[in-house]
Structure formats: structure tokens, C-alpha cells
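Descriptive analysis of the structure
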Amino acid sequence: MRISNTTYDILKWVTTIVLPAIGTLYFALAQIWGFPYGEEVVGTITAIVTFFGVILGISTKTYNTDRVEGIIYEDEDTEIDDDEI
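What comes next concerns the included structure. (Residues numbered from 1 in each chain as written. Predicted model: local features only at pLDDT ≥ 70, side-chain atom pairs only at ≥ 80, totals over all residues. Heavy atoms only, no water.)

1. Looking at the overall build of the protein chain
To keep it simple, the criterion reads: What counts as a helix is a DSSP run of H or I of at least four residues, what counts as a strand is a run of E of at least two, and both are numbered from the N terminus. Relative accessible area decides the class of each residue, using a 1.4 Å probe on protein chains only: under 20% of the type maximum gives buried, over 50% gives exposed, and in between gives partly exposed. When checking whether two residues touch, look at their non-hydrogen atoms; a contact exists if any pair is within 4.5 Å.
Across its full length, the protein chain holds 2 helices and 2 strands. Listing the helices and strands of the protein chain from first to last along the sequence gives α-α-β-β. For the protein chain, the residues scored as buried account for 15% of the 85 residues in total. If you take every contact in the protein chain between residues at least 6 apart in sequence, the share linking residues at least 24 apart comes to 48%.

2. Side note on the packing of aromatic side chains
Threshold: Any Phe, Tyr or Trp ring, taking Trp's six-membered ring, that has another such ring centre within 6.5 Å forms a pair; planes under 30 degrees apart are called stacked, those over 60 apart edge-to-face, and the others tilted.
For the structure shown, the criterion picks out 2 aromatic pairs. Judged by centre distance (5.9 Å) and plane angle (40°), the rings of Tyr 26 and Phe 35 are tilted. What makes Phe 35 partly exposed here is its relative accessible area of 35%. Relative to Phe 52, the ring of Phe 51 lies with its centre 5.9 Å away and its plane at 50°, an arrangement referred to as tilted. A relative accessible area of 23% places Phe 52 in the partly exposed class.

3. Some points on the side chain of Thr 15
Rules: Polar contact criterion, stated in full: a pair of N or O atoms within 3.5 Å, where within protein one must be able to donate a hydrogen and the other to accept it, and residues adjacent in sequence count only if both atoms are side-chain atoms.
In this structure, Thr 15 sits in helix H1 (residues 5-33). Within the structure, the side chain of Thr 15 is placed 2.6 Å from the backbone oxygen of Leu 11, a separation counted as a polar contact.

4. Some details on the packing of H1 against helix H2 (residues 38-68)
Test applied: To obtain an axis, a line is fitted to C-alpha atoms, over the contacting stretch when the element is a helix, and the angle between two such axes runs from 0 to 180 degrees between their N-to-C directions. Small angles under 35 degrees read as roughly parallel and large ones over 145 as roughly antiparallel, with 65 to 115 read as roughly perpendicular and the rest as oblique. Left-handed describes a crossing whose near helix is turned anticlockwise from the far helix through less than a right angle; right-handed describes the clockwise counterpart. Each residue is assigned to one of three groups, with Ala, Val, Leu, Ile, Met, Phe, Trp, Tyr, Cys and Pro labelled nonpolar, Asp, Glu, Lys and Arg labelled charged, and all others, Gly among them, labelled polar.
Direction vectors running N to C along H1 and H2 enclose 165°, while the axes themselves pass 9 Å from each other. By the angle between their axes, H1 is roughly antiparallel relative to H2. H2 is crossed by H1, and the crossing has left-handed handedness. Together, Tyr 8, Leu 11, Lys 12, Thr 15, Leu 19, Pro 20, Ile 22, Gly 23, Tyr 26, Phe 27 and Ala 30 of H1 and Gly 38, Glu 39, Val 41, Val 42, Ile 45, Ile 48, Val 49, Phe 52, Gly 53, Leu 56, Ser 59 and Thr 60 of H2 make up the contact between the two elements. Here the residues of the contact of H1 with H2 sort into 15 nonpolar, 6 polar and 2 charged.

5. Quick look at H1
Under the convention used in this document: A helix is expected to reach a length of 1.5 Å times the quantity of its residues less one. The term bend refers to the angle at a residue between two fitted axes, each drawn through seven residues, those ending there and those starting there.
The first and last C-alpha atoms of H1 sit 40 Å apart over 29 residues, in line with the 42 Å expected at 1.5 Å per residue. Approximately 40° is the largest bend angle found in H1, and it occurs at Val 14. Restricting attention to buried positions, one finds in H1 the residues Leu 11, Thr 15, Leu 19, Gly 23 and Ala 30. Among the structural elements, H2 are those in contact with the buried residues of H1. After H1 finishes, the residue Gly 34 shows a positive phi value of roughly 75°.

Listed below in C-alpha cells is the structure:
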């Protein structure tokens, strides 16, 4: 699975910073103010973070494998070997 650098960067930021921060904030506020479903909300966010982490891991593995094999992809239709650069 290949995704663009911009998409990767956004997903990585959301996965590593935004969603854990939201989960922590909601859990803390649920304990303090009695918001409903604190554990359920945090469990759901954790599942989403795990899913995005797997997608990012697959994308990173694909990217690194392509780099090791000497293939650099410009876009979906273009394939450039290192010898052509």
C-alpha cells in the first residue's frame, strides 16, 4: 500500500499526537466532571489509533522495501530506477 508523503505526514501526526491527546483529555474530564462513557470513548480512540498505526506501518514497510530494491515511484504510472537518476 502506497500513500503520498502528505497523507502519511498527516496520518502520522493525527495518530501519534492528536488522537492520544483527545483520548487523554476526554478521559480526564470524564473523571473530573462525570462525562459519560469515558472508558468506551478512550477504547474507541485506542482502536482507531491502532488501525492507523497498522496502515502507517504497512506504508512504511512498502516504501522501505521499494527503496531497498532500487525503485523510486514518482506516481502511480511512473517507475524510475536508480540508474536513471
